[in-house]
Amino acid sequence: MRLRAPHRNRPVRLSDRRRGDPAELDRAVLRGAQTEANRRAFLASLPPRYGRYATTPVPAQVLAANPELRAKLERMTPQGFLYLTGEADAAKTHLAVRQALHLTEGGGSALFVDETDYFARVFAEFGGGPPAPDLLAPDVLVYDDLGKQKPSEFALQKLYHLLEMRWSHEKALIVTSNFTPREVVARLTDDEVVGHAIYSRLMAGQLAGIRRGAGGRQGSAL
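Okay, so let's go over this structure. All of these numbers come straight from a predicted model, not from anything done at the bench.

Here we come to empty space enclosed by the protein. Tallied over the full model, the rule gives 2 cavities of 30 Å³ or more. Taken as a whole, the largest cavity encloses approximately 90 Å³ of empty space. The wall of the largest cavity is formed by E115, F119, Y143, L146, G147, Q149, P151, A155, L159, V184, R187 and L188. Among the elements of the structure, α7 (115–126), α8 (153–168) and α9 (181–188) are those that each provide at least two residues to the lining of the largest cavity.

For α8, with 16 residues, the first-to-last C-alpha span of 22 Å sits near the 22 Å given by 1.5 Å per residue. Looking only at α8, the buried set comprises A155, L156, L159, L162, L163 and R166. The arc that holds the buried residues of α8, viewed along the axis, is 130°, so those residues lie on one side. Buried residues along α8 sit against β1 (81–86), α7, β3 (140–144), β4 (172–177), α9 and α10 (192–202).

Another aspect to go through is the packing of α9 against α10. Between α9 and α10, whose axes approach to 10 Å, the crossing angle comes to 150°. Taken together, the axes of α9 and α10 are roughly antiparallel relative to one another. Judged by the sense of rotation from one axis to the other, the crossing of α9 with α10 is right-handed. Across the interface between the two elements, P181, R182, V184 and V185 of α9 pack against G195, I198, Y199 and L202 of α10. A breakdown of the residues in the contact of α9 with α10 according to their chemical character gives 6 nonpolar, 1 polar and 1 charged.

Here the focus is the packing of aromatic side chains. Per the stated rule, a full pass over the model turns up 9 aromatic pairs. Measuring from ring centre to ring centre gives 5.6 Å for Y118 and F119, while their planes differ by 70°; the resulting arrangement is edge-to-face. Across the pair, F119 and Y118 agree in class, each one buried. Taking 6.0 Å as the distance between ring centres and 75° as the angle between the ring planes, the aromatic pair formed by F119 and F154 counts as edge-to-face.

Summarising the element assignment, N66 is placed in the loop between α4 (60–65) and α5 (69–75). In this structure N66 comes out as buried when scored by relative accessible area, which is 1%. Side-chain polar atoms of N66 contact the backbone oxygen of R211, separated by 2.8 Å. Here N66 is in contact with G209, I210 and R211, once residues within four sequence places are set aside.

The topology assignment puts T176 in strand β4. Excluding anything up to four places from it in sequence, T176 contacts L84, K92, T93, A96, Y143, D144, D145 and L146.

Secondary-structure assignment places V175 in strand β4. Owing to a relative accessible area of 4%, V175 belongs among the buried residues under this scheme. Considering only alpha carbons, one finds V175 and L202, 27 residues apart in sequence, at a separation of 8.6 Å. In contact with V175, other than residues within four places in its own chain, are L82, Y83, L84, Y143 and L146.

Backbone geometry at D89 places phi at a positive 65°, although glycine is not the residue there. Its place among the elements puts D89 in the loop between β1 and α6 (92–103). Of note, the phi angle at E170 is positive, near 55°, even though the residue is not glycine. As for its placement among the helices and strands, E170 is situated in the loop between α8 and β4. By relative accessible area, which is 56% here, E170 ends up exposed.

Read across the open sheet, the 5 strands follow the order β2-β3-β4-β1-β5; overall the sheet is parallel. Of all strands in the sheet, those bounded by a partner on one side alone are β2 (110–114) and β5 (206–210). The sheet shows a mean angle of 15° between the axes of neighbouring strands, direction not considered. In the sheet, β1 pairs with β5 via 5 bridges, with the strands oriented parallel. Bridged to L82 within β5 is Q206.

What counts as what
- Residues numbered from 1 in each chain as written.
- Predicted model: local features only at pLDDT ≥ 70, side-chain atom pairs only at ≥ 80, totals over all residues.
- Heavy atoms only, no water.
- 1 Å grid on protein atoms, 1.4 Å probe; cavity = no way out; pocket = protein on both sides within 12 Å on 5 of 7 lines; lining within 4 Å.
- Points joined across faces, edges and corners; volume = space filled by probe spheres on them.
- Helix = DSSP H or I, 4+ residues; strand = E, 2+ residues; numbered from the N terminus.
- Expected span 1.5 Å × (residues − 1).
- Buried < 20%, exposed > 50% of the residue type's maximum accessible area, 1.4 Å probe, protein only.
- Arc of directions from axis to C-beta.
- Contact = heavy atoms within 4.5 Å.
- Axes fitted to C-alpha atoms, helices over the stretch in contact; angles between N-to-C directions.
- Parallel < 35°, antiparallel > 145°, perpendicular 65-115°, else oblique.
- Left-handed = near helix turned anticlockwise from the far one by under 90°.
- Nonpolar A, V, L, I, M, F, W, Y, C, P; charged D, E, K, R; others polar.
- Phe/Tyr/Trp six-rings, centres within 6.5 Å; stacked < 30°, edge-to-face > 60°.
- Polar contact = N/O pair within 3.5 Å; in protein donor to acceptor, adjacent residues only side chain to side chain.
- Pairing = 2+ DSSP bridges.

This is how it looks when you write it as structure tokens:
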């Protein structure tokens, strides 16, 4: 009886190697644990009212009133910028929270800061309080309500540093504001050079003007 030669050229599938590789299984478990820890840390940074946004779909009427919005969210990369502007109650913060969770589904850290609260922590640190959040550390940063802080040279410097550092380090930034980028710049400075530098960074990614939709608060898939 003639014996058949073994299939020497049969490719080894990655799943075959992982199935019996305890080290790889351990690494997968650790990655999963780290992803969950990052998610919990992000949720802990949300104010209680915003915490529900993590599990509540964006109101369907907002998506209906902004048909181009889904495409802009999908175009945002894990290293990109997203600027959400519009009037109050337009679900900007809701969208920002959901987008941050989407960008970190496969791992990565995220942090939520409200501008007024952040500056309060910065000033408290100057007075000997605990350190203010490090806005460069997370892979994704949600910076909520840009333009609420009283305009000052200090606020201008902090904003420019934030934008420049996150851009140059290729870390995602999601900004929400009742003001357009031009309106934010006009509030902060009349220096054309500085204003242009800030404006160019704010416009470096996707810009979405959010319109409120009419009707009830039924959810959607986002």
